Amino acid sequence: MASTKGPRGRGVALHAVLVSGLLLSAFPFYWAVIMSTHTSTEIFSYPPKLLPGSHFTENVRNLLDTVDFFGSLLNSLLVAVCVTALVLFFDSLAAFVFAKFDFPGKRALFALLMLIFMVPMQLQAIPQFVIMAKLGWIGSMTSLIVPAAANAFGIFWMRQYMRSAIHDELIDASRLDGAGFLRQYWHVALPVVRPGLAFLGIFTFMGQWNDYAWPLIALTDPDNVTLQVALSQLNGTHGTTDYGMVMTGALLALVPLLIVFALGARQIIGDLAKGAVRG
């Protein structure tokens with residue numbers, strides 16, 4: 001009996017820790033939902049209100065009257081989708097070359113890639129702005145999409161994933177069947193690394209969706225601002241910020257992220273489960 005109670009007790013304790021961590025992680029989201037249904041006065045009342053209020057529709061109406069929410073949302077969606085698609089293609093293509101092919105200067109190029117990976121994004125803002133200005137792209141969505149079309153992290157991540165996920169025998173067999181480089185990439189590599197692509201897609205989409213500094217610098221046209229820049233305009237001055245409206249905007253901005261995460265996580269879990277069944 002002691003041998004069965006021990007593992008069972010550890011299992012109960014482990015589940016209790018996991019449930020506690022889940023509740024702590026979900027509380028900020030729950031608190032955002034609660035605040036989006038109250039006015040600023042009710043948000044700062046004591047004791048704090050832990051149940052939904054009745055001002056959500058009013059906060060939504062005030063939000064839509066203050067900023068072009070849906071126009072900014074479409075701008076953010078355009079940038080995030082385009083950048084994610086380009087990153088998935090270019091980064092996986094470059095990673096496939098680094099992971100499965102030998103060529104002169106491979107180590108030097110990869111070392112240069114790691115140096116670029118370690119450069120903070122803040123240091124890239126000024127030279128990037130100068131380049132975009134010389135190309136005449138400042139103020140347009142192109143200044144957000146093209147510089148982010150490939151990145152060092154994505155290449156490094158997919159390269160590490162491909163080295164272990166794609167066996168050399170698959171590449172050799174496809175080469176014997178007459179498959180060229182692009183066919184090897186499209187028909188051999190991509191089907192195997194879909195979980196890695198799903199993670200990179202989620203990571204890239206979230207990064208572009210939440211990006212604030214570079215769109216604030218590059219987008220000089222008020223009609224082309226992204227959602228994060230538009231939401232920053234909700235912060236009033238001299239203590240006049242409507243926090244209920246602000247939290248409503250932040251909550252609505254989370255919806256696309258939740259959808260993308262759900263779709264990407266489903267892809268990751270599904271492919272990992274298939275791999276476990278085959279094993």
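Shown above is the structure to which this text applies.
As a starting point, this report considers the structure included with it. (Residues numbered from 1 in each chain as written. Predicted model: local features only at pLDDT ≥ 70, side-chain atom pairs only at ≥ 80, totals over all residues. Heavy atoms only, no water.)

Quick look at the overall build of the chain now. Helices and strands together make up the secondary structure of the chain, namely 14 helices and zero strands. If you list the helices and strands of the chain from N to C, you get α-α-α-α-α-α-α-α-α-α-α-α-α-α. Expressed as lengths along the three principal axes of its C-alpha atoms, the size of the chain is roughly 75 × 70 × 30 Å. Taking the intrachain contacts of the chain between residues at least 6 apart in sequence as the baseline, contacts between residues at least 24 apart amount to 74%. Just so you have it, the chain exposes about 16,900 Å², and 70% of that area is on carbon and sulfur atoms. (Helix = DSSP H or I, 4+ residues; strand = E, 2+ residues; numbered from the N terminus. Contact = heavy atoms within 4.5 Å. Areas by Shrake-Rupley, 256 points an atom, 1.4 Å probe, with all protein chains shown as cover.)

With that out of the way, let us pick up unusual backbone geometry. In this structure, Pro 47 follows Tyr 46 across a cis peptide bond, with omega equal to 0 degrees. Structurally, Pro 47 is set in the loop between α2 (40-43) and α3 (56-66).

With the rule as written, the count across this model stands at 20 aromatic pairs. Considering the side-chain rings of Phe 27 and Trp 31, the 6.2 Å spacing of their centres and the 15 degrees angle between planes classify their relative orientation as stacked. On the criterion of helical spacing, the pair formed by Phe 27 and Trp 31 is a turn pair, its members being four residues apart in helix α1 (residues 2-35). Of the residues examined, Phe 27 reaches a relative accessible area of 42% and is grouped as partly exposed. Summarising the aromatic geometry, the rings of Phe 89 and Tyr 185 are spaced 6.3 Å apart at their centres and angled 80 degrees between planes, so their arrangement reads as edge-to-face. Of this pair, Phe 89 sits in helix α4 (residues 69-100) while Tyr 185 sits in helix α10 (residues 181-192), and the two are 96 residues apart along the sequence. Here Phe 89 falls in the partly exposed class, since its relative accessible area comes to 37%. Put simply, the rings of Phe 98, Phe 103, Phe 110, Phe 117, Phe 153, Phe 156, Trp 157, Tyr 161, Phe 199 and Phe 203 touch in pairs and so form one group of aromatic residues. (Phe/Tyr/Trp six-rings, centres within 6.5 Å; stacked < 30°, edge-to-face > 60°. Buried < 20%, exposed > 50% of the residue type's maximum accessible area, 1.4 Å probe, protein only.)

The next point concerns the environment of His 38. Along the chain, His 38 turns up in the loop between α1 and α2. What makes His 38 buried here is its relative accessible area of 6%. Spatially, the C-alpha atom of His 38 lies 8.8 Å from that of Met 245, the residues being 207 residues apart in sequence. One polar contact links the side chain of His 38 to the main-chain carbonyl oxygen of Leu 51, over a distance of 2.9 Å. In terms of polar contacts, His 38 uses its side chain to reach the backbone amide nitrogen of Gly 53, at 3.4 Å. (Polar contact = N/O pair within 3.5 Å; in protein donor to acceptor, adjacent residues only side chain to side chain.)

A few words on a nonpolar patch on the surface. A surface patch of nonpolar side chains, amounting to about 590 Å² of accessible area, comprises Leu 109, Leu 112, Leu 115, Ile 116, Phe 117 and Met 118. Turning to its location among the elements, Ile 116 is positioned in helix α5 (residues 106-118). (Patch = residues over 30% accessible without salt bridge, like charges linked within 9 Å, V, L, I, M, F, W, Y side chains within 5 Å. Salt bridge = Lys/Arg side-chain N within 4 Å of Asp/Glu carboxyl O.)

With that settled, consider the nonpolar core. With 27 residues, the main nonpolar core has Phe 96, Leu 144, Met 158, Met 162, Ile 166 and Val 193 as its most contacted residues. Those elements that place two or more of their residues in this core are α4, α7 (142-145), α8 (152-165), α10, α11 (194-210) and α12 (213-218). Examining the composition of this core, we find that seven residues originate from one element, α4, more than from any other. Sequence-distant contacts of Ile 166, defined by excluding residues within four places in its chain, comprise Phe 96, Lys 100, Ile 171, Ala 189, Val 192 and Val 193. Membership of the second largest hydrophobic core comes to 14 residues, among which are Phe 69, Phe 205, Trp 209 and Leu 231. (Core = buried A, V, L, I, M, F, W, Y, C linked by side-chain atoms within 4.5 Å.)

Note that every value here comes from positions in space, so none of it alone points to a role or purpose.
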